[in-house]
Amino acid sequence: MKYILISEVEKSDNQEVLLKAWVFNFRSSGKIYFLQLRDGSGRIQAVISKDSVAAEVWQNCENLTIESSVEVSGKVYADQRSASGYEMQVSDLRIIQRSEEYPIGKKEHGVDFLLDHRHLWLRAERQTAIIKIRDEIIWLMRSFFRNKGFILTDTPILTSTSSEGTTTLFSTDYFDETAYLSQSGQLYLEALAMSLGRVYDFGPTFRAEKSKTRRHMMEFWMLDAEAAFMQHEQNIELQEELIVYVVSGILKNKLTELDILQRDVAGLKKVKAPFTRLKYEEAVKQLKKLGSDIKMGNDLGADDETILMKEYDQPLFITHYPAAIKAFYMQPDPDNPDVVLCNDLLAPEGYGEIIGGSERIWDLKLLQKKFKEHKLPTKEFEWYFDLRRYGSVPHSGFGIGLERTVAWLCGLDHVRETIPFPRLLNRLRP
Ligand code: 4AD
Ligand code: MG
């Protein structure tokens, strides 16, 4: 008997095949068993009639429990009533392992219970839909950059310094010194941009942020992109193009999954370039009008982003933040050196920041001055200064957070479901 995946049943219409799967639900009328099977590739209903199988096979059915793993063989055929469009008439069933009583039942569970059982919760249809959309977003981002001639390069996770401020560093012993887990590959990517021109990295990043919000994780995946000779304006256009590409790709390729998540896609369909741009100063004024207690000069909090993004049905760029609240490496605005040529991109529908980017300081003297102001250890950054000594050029880049992008596109109210095993404040297990 030919073993096939559930996703392949169409090609075996009206043939006898073997499926290997898990029973995620079943019911019996006494004479007929209806099994709901899943194998990762898809879901199908399998029907077993007492009259048409051996006594031993019927016995196996009566032994079934939720999440038991099975091998079933029989004929598959099209059936309009089934969700997958196909059904199997079973002729043989063997239990691979009879599951113990499955802890995740049909009743509602609290989110802590589900997170404690994350290794099992991942089998739920909703969770698999999210993971498939996450996978698609990654492929779309990669193909976007590949089409644009960006080279994928890898930046280190173990580093000797901080790139985004020293308050959120995870440290670990590195023989007789201390290493820090990377907060962003950006600084290394700048070195690679001076070699390859256009580059990006994609990997896990770490922030020891004591924030318990619906958009903060301790470990998250970031794609950083960096290009030599690219300046503020082109940087923004690149981000715009990336977002339009990813959103339209998801709408094209992942409608089934969006449907499982009951994602109302009307908001996503509106995403079209150009996105609105607001300078930081205008954004703060608008926030005050909307009732926020933000003060001019302070960074936008997560709540501010949510309030602001209730007003926009398109992603929104906020640019020209005060230098004082942004990272040391950002290029001052030539028209007003108190602000920097940077941007955050906020997602609509109340989602908030998904991208942070900027033009980088490329003049050695100015960079060294910023180091003094930020009281950074110049010794650790000699290699970074070298980039400004040997053929320095204007350059820019940005980083997009994968989990926040997944949360937005899937319409989730928290990032905890956007990664298989979330690392949150007070959650390191499973
Ligand atoms: O704005 P951030 O801090 O920018 C950087 O790290 C730059 N070095 C990137 C660059 O220019 N190459 O982080 C970028 C993005 C954020 O917009 C957000 O989407 C995500 O990373 N992010 C987080 N996601 C989840 N949990 C956290 N704690 C996050 N911190 C940042
Ligand atoms: Mg940011």
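Scroll up to find the structure this text is about.
Described below are features of the structure shown in this document. (Residues numbered from 1 in each chain as written. Chains lettered and ligands numbered in written order. Predicted model: local features only at pLDDT ≥ 70, side-chain atom pairs only at ≥ 80, totals over all residues. Heavy atoms only, no water.)

## Some remarks on the side chain of R263
Mapping R263 onto the fold places it in the loop between α7 (255–260) and α8 (266–269). A distance of 2.9 Å separates a polar atom in the side chain of R263 from a polar atom in the side chain of E349. A distance of 3.0 Å separates a polar side-chain atom of R263 from the backbone oxygen of L409. Ignoring anything within four residues of it in the chain, the contact list for R263 reads L258, L268, E349, W408, L409, C410 and G411. (Helix = DSSP H or I, 4+ residues; strand = E, 2+ residues; numbered from the N terminus. Polar contact = N/O pair within 3.5 Å; in protein donor to acceptor, adjacent residues only side chain to side chain. Contact = heavy atoms within 4.5 Å.)

## Quick notes on the packing of helix α4 (residues 125–147) against helix α6 (residues 232–253)
At a closest axis distance of 9 Å, the pairing of α4 and α6 adopts a crossing angle of 135°. It follows that α4 is oblique to α6 by the angle criterion. As for the relative orientation of α4 and α6, their crossing is right-handed in sense. In contact with I133, E136, I137, L140, M141, S143, F144, F145 and N147 of α4, α6 contributes L238, E241, L242, Y245, V246, G249, I250 and N253. (Axes fitted to C-alpha atoms, helices over the stretch in contact; angles between N-to-C directions. Parallel < 35°, antiparallel > 145°, perpendicular 65-115°, else oblique. Left-handed = near helix turned anticlockwise from the far one by under 90°.)

## As for the environment of T256
By the secondary structure assignment, T256 is in helix α7. Each C-alpha atom, one on T256 and one on A129, is 8.4 Å from the other, the two residues being 127 residues apart in sequence.

## A closer look at the site of ligand 1
For ligand 1, the set of nearby residues contains 22 residues, the closest of which are E164, Q186, D224, E353 and I354. Measuring from a nitrogen atom of ligand 1, one finds a side-chain N or O atom of E209 at 2.8 Å. In this structure, an oxygen atom belonging to ligand 1 sits 2.6 Å away from a side-chain N or O atom of E353. Here ligand 1, which alone exposes 630 Å², has 94% of that area covered by the protein. Secondary structure elements with two or more residues in the shell around ligand 1: β12 (219–228), β18 (352–359) and β19 (395–401). (Near = heavy atom within 4 Å. Areas by Shrake-Rupley, 256 points an atom, 1.4 Å probe, with all protein chains shown as cover.)

## So, the sheet that holds strand β13 (residues 276–279)
Read across the sheet, eight strands follow the order β7-β11-β12-β19-β18-β17-β14-β13 without closing on themselves; strand pairing throughout is mixed. The sheet is open, and its two edges are formed by β7 (151–152) and β13, each paired on a single side. Pairing analysis gives four bridges linking strand β14 (residues 316–319) to strand β17 (residues 342–347), with the strands arranged antiparallel. Bridge pairing in β17 links L316 to L346. Seen against the sheet, helix α13 (residues 402–410) touches β11 (198–206), β12, β17, β18 and β19 and runs at an angle of roughly 55° to β19. (Pairing = 2+ DSSP bridges.)

## Here we look at the sheet that holds strand β9 (residues 171–174)
If you trace the three strands from one edge of the open sheet to the other, you get β8-β10-β9, paired in antiparallel fashion. The strands lining the two open edges of the sheet, one partner per strand, are β8 (158–159) and β9. Across two bridges, β8 lies against strand β10 (residues 177–181) in antiparallel orientation. Each bridged residue has a counterpart across the sheet, and for T159 the counterpart in β10 is Y180.

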